Amino acid sequence: MQSLEIDDSWSFKDASPSQTSYITHDYHRYPAKFIPQLARRIIKENSRVGDLICDPFMGSGTTLVEAIVNKRRAYGTDINPVSVLISKAKTTPIDPVLLKQELSSLLEKTKVIANSHREERMLYIHTNDNFDTTVPDNELLDYWFPEKQKHDLAPILSIINAVEDQKVRIFLLCSFSNILKRCSRWMSKSTKPTIDKDKTIADAYKSFQNQIEKMAAKNEKFWNMLAGGGEDRIIVDCVVDNTDARKLKINDDSVTLVITSPPYVTSYEYADLHQLTSIWLGYIDNLPEFRSKFIGSIRKDIKSINLYSKTGKETVGKLRSINKREAKGVEQYFFEMQQCFEEIYRVLKHKGRAAIVVGDTDLRGVKIQNASVFTETLSDIGFKTYNIIKREVPSKTLPTKRDRKTGRFASTKVYNRLAYPTEYILIMEKI
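Here is what the cut-offs are and how they apply
- Per-chain numbering applies: the sequence of each chain, read as written, is numbered from 1 onward.
- Where local features are concerned, this predicted model is filtered to residues with pLDDT of at least 70; where side-chain atom pairs are given and counted, the filter is 80 or more; whole-chain, interface and lining totals use all residues.
- Neither water nor hydrogens contribute to the side-chain values; these are computed over all heavy atoms in the structure.
- What counts as a helix is a DSSP run of H or I of at least four residues, what counts as a strand is a run of E of at least two, and both are numbered from the N terminus.
- Note on areas: Shrake-Rupley with a 1.4 Å probe; residue coverage comes only from the protein chains shown.
- Within a predicted model, pLDDT stands for the predictor's per-residue confidence, ranging from 0 to 100.
- Any two residues having at least one pair of non-hydrogen atoms within 4.5 Å are treated as being in contact.
- Residue exposure (1.4 Å probe, protein chains only): buried if accessible area is under 20% of the type maximum, exposed if over 50%, otherwise partly exposed.
- Each helix should span, by expectation, one fewer than its residue count multiplied by 1.5 Å.
- Side-chain atoms alone can form a polar contact between residues adjacent in sequence; in general such a contact is a pair of N or O atoms within 3.5 Å, and within protein one must be able to donate a hydrogen while the other accepts it.
- Note on terminology: a nonpolar core comprises buried Ala, Val, Leu, Ile, Met, Phe, Trp, Tyr and Cys residues joined through side-chain atoms within 4.5 Å.
- Whenever a helix is involved, its axis is fitted only over the stretch in contact; in every case the axis is a line through C-alpha atoms, and angles between N-to-C directions fall within 0 to 180 degrees.
- Should an angle lie under 35 degrees it is considered roughly parallel, over 145 roughly antiparallel, and from 65 to 115 roughly perpendicular; all remaining angles are considered oblique.
- In a left-handed crossing the near helix is turned counterclockwise from the far helix by less than a right angle, and in a right-handed crossing that turn is clockwise.
- Polar here means any residue other than Ala, Val, Leu, Ile, Met, Phe, Trp, Tyr, Cys and Pro, which are nonpolar, and Asp, Glu, Lys and Arg, which are charged; Gly is therefore polar.
- Note on pairing: DSSP must find at least two bridges between two strands before they are called paired.

**Focus on the overall build of the protein chain**
Reasoning step 1: The secondary structure content of the protein chain amounts to 16 helices and 11 strands.
Reasoning step 2: Of the accessible surface of the protein chain, which amounts to about 19,500 Å², a share of 47% is contributed by carbon and sulfur atoms.

**Topic: the confidence of the model for the protein chain**
Reasoning step 1: The predicted model of the protein chain averages 88 in pLDDT, with 87% of residues at 70 or higher.
Reasoning step 2: In the predicted structure, residues 396-402 sits below a pLDDT of 50 and forms 39 contacts with residues beyond four places in sequence or in another chain.
Reasoning step 3: Counting contacts from residues 411-418, a segment whose pLDDT is below 50, to residues more than four positions away or on other chains yields 15 contacts.

**Comments concerning the environment of lysine 88**
Reasoning step 1: Following the sequence through the fold, lysine 88 ends up in helix H4 (residues 81-90).
Reasoning step 2: On the accessibility criterion, lysine 88 (32% relative accessible area) is partly exposed.
Reasoning step 3: Separated by 153 residues in sequence, lysine 88 and aspartate 241 have C-alpha atoms that sit 9.1 Å apart.

**Details of unusual backbone geometry**
Reasoning step 1: Positioned with a positive phi, phenylalanine 12 is a non-glycine residue whose angle comes to about 55°.
Reasoning step 2: Within the element layout of this structure, phenylalanine 12 appears in the segment before helix H1 (17-20).
Reasoning step 3: A positive phi is found at arginine 364, a non-glycine position, where the angle reads about 55°.
Reasoning step 4: Relative to the helices and strands, arginine 364 resides in the loop between strand E6 (361-363) and strand E7 (366-368).
Reasoning step 5: Since its relative accessible area comes to 28%, arginine 364 is described here as partly exposed.

**Points about helix H9 (residues 166-179)**
Reasoning step 1: With 14 residues, H9 extends 20 Å between its outermost C-alpha atoms, agreeing within 8% with the 20 Å of an ideal straight helix rising 1.5 Å per residue.
Reasoning step 2: Most of H9 sits out of view: 11 of its 14 residues are buried.
Reasoning step 3: The set of residues buried in H9 consists of Val168, Ile170, Phe171, Leu172, Leu173, Cys174, Ser175, Phe176, Ser177, Asn178 and Ile179.
Reasoning step 4: Against H4, helix H5 (96-114), helix H8 (147-161), helix H10 (204-227) and helix H12 (275-280) lie the buried residues of H9.
Reasoning step 5: The backbone nitrogen of lysine 167 has a side-chain oxygen 3.0 Å away, supplied by the residue at the start of H9, namely aspartate 165.

**Comments concerning the nonpolar core**
Reasoning step 1: Counting 48 residues, the largest nonpolar core has Leu153, Phe171, Leu172, Phe176, Phe208 and Trp280 as the members making the most contacts within it.
Reasoning step 2: Elements with a contribution of two residues or more to this core: H4, H5, helix H7 (139-144), H8, H9, H10 and H12.
Reasoning step 3: By residue number, the principal contributor to this core is H9, which donates 8 residues.
Reasoning step 4: Apart from the residues lying within four places of it in its own chain, the contact partners of phenylalanine 171 are Tyr27, Ala89, Ile94, Leu99, Leu103, Ile212, Met215, Ala216 and Asn219.
Reasoning step 5: One finds Tyr75, Leu307, Phe335 and Val366 within the second-largest nonpolar core, a separate group that totals 41 residues.

**As for the packing of H4 against H9**
Reasoning step 1: Taken N-terminus to C-terminus, the directions of H4 and H9 make an angle of 125°; their axes are 9 Å apart at the nearest point. Relative to H9, the element H4 is oriented oblique. Here the hand of the crossing between H4 and H9 comes out left-handed. Here Val82, Leu85, Ile86, Lys88 and Ala89 of H4 come into contact with H9, specifically with Ile170, Phe171, Leu173, Cys174 and Ser177.
Reasoning step 2: By residue class, the composition of the contact of H4 with H9 is 8 nonpolar, 1 polar and 1 charged.

**Points about the sheet that holds strand E1 (residues 52-55)**
Sheet strands associate in pairs through backbone hydrogen bonding, adopting either a parallel or an antiparallel arrangement.
Reasoning step 1: On the basis of which strands lie adjacent, the open sheet formed by 7 strands has the order E3-E2-E1-E4-E5-E11-E8 and mixed pairing. Only two strands of the sheet have a single partner each, and these edge strands are strand E3 (238-241) and strand E8 (383-392). The average angle at which neighbouring strand axes cross in this sheet is 15°, direction not considered.
Reasoning step 2: The sheet contact formed by E8 and strand E11 (residues 422-430) spans 9 bridges and is antiparallel. Bridge pairing in E11 links phenylalanine 383 to lysine 430.
Reasoning step 3: Each of E1, strand E2 (73-77), E3 and strand E4 (255-260) touches helix H3 (residues 62-69); the most contacted strand, E2, lies at about 170° to it.
Reasoning step 4: Those strands touched by helix H15 (residues 324-347) are E4, strand E5 (348-358), E8 and E11, and its axis lies near 145° from that of E5.

**Here we look at H8**
Reasoning step 1: Taking 1.5 Å as the rise per residue, H8 with 15 residues should run 21 Å; its terminal C-alpha atoms sit 21 Å apart, in good agreement.
Reasoning step 2: Most of H8 is tucked away, with 11 of its 15 residues classed as buried.
Reasoning step 3: Along H8, the residues that are buried comprise Gln149, Lys150, Asp152, Leu153, Ala154, Pro155, Ile156, Leu157, Ser158, Ile159 and Ile160.

**Remarks on the side chain of serine 11**
Reasoning step 1: Relative to the elements of secondary structure, serine 11 occurs in the segment before H1.
Reasoning step 2: Taking the relative accessible area as the measure of exposure, serine 11 reaches 0% and is therefore buried.
Reasoning step 3: At a separation of 3.2 Å, a polar atom in the side chain of serine 11 contacts the main-chain amide nitrogen of glutamate 392.
Reasoning step 4: Excluding residues that lie within four positions of it along the chain, serine 11 makes contacts with Arg391, Glu392 and Pro394.

Written as structure tokens, this is what we have:
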């Protein structure tokens, strides 16, 4: 696997930021998302117009958006409710005229609130719309947000929640979510939850206005792209779900193509990366319990594990002699991914294909050959290898450095090697 030559045509090095963030693709930051050009090429080369495309780890919905604009049907799911919010916003075109009217009314309200003292602000809100402007009771908000930002964000969220049009409300909640990091003490250039004591924290109202105006312009481009004329009009047929990747709500033998980039073993607790949105929007009450729902989380205790992959078993054995806890985490990760692949096999049609985007890494000095483990597992389940592509990763939104000893992401100040310089696209066919 590692001896494969890199295929430069799959690296998309010449893709500009405007091309990788066109239409709704840059509504919201998201870690480890692949660029739309990657999803688009896989879709065009492995499916036809009208086929059903599935992403069981949809993240920010890149696969779904590309399926839509390329005239395919789409189903995506993710256990993370923040992912669901972002994906719904990105895959839902809104009539620009309607959106402009809604945003004009909303910005007028926020402008009044932003320019008033706190006492006047509360009086305005309660006498006009009787909003609930209570800041969520969570000590993590005190940790991440200064008092001013907390009390500025609360009325903005109240105004959003009062919007009757569901599509517009989801659009606005996505916008609200994306400004939380810049309005907090979270280090601007860090994907991991890290405090920056010297950070200049953004103004909530200005950030919100800039964000929705930017998103509105992108929505209009998305709307116009889909509108076309006559027979060229694209009808959006997309389902965004919030369920476990091992329990897809799709019929047997119904999917033509699965495209996904699974969570990475040894990376981080994915739930932690979206805790600001999760707390403000009430997605979590208990962070440790929330973490345990994610595949790859070490906060589980699976009793009975039978790995299909020989490489996977050998990897766990090597790790066990070094660190039993790390070995257990990797073993559980491989097993949970095995269960996901069995579910993918169930929903795919005969000769349907699964494109799995994954990179290798190492932990405690042990090579974690995810691509080989996945290929062996998929083969045992009933897939044959259609193609394996090795590509450089110039654009992925990930922390770029790792600690060589532990394999975990490090701060930008202390590091000793690049993270995920290459990755594989495993294209497997159901037989």
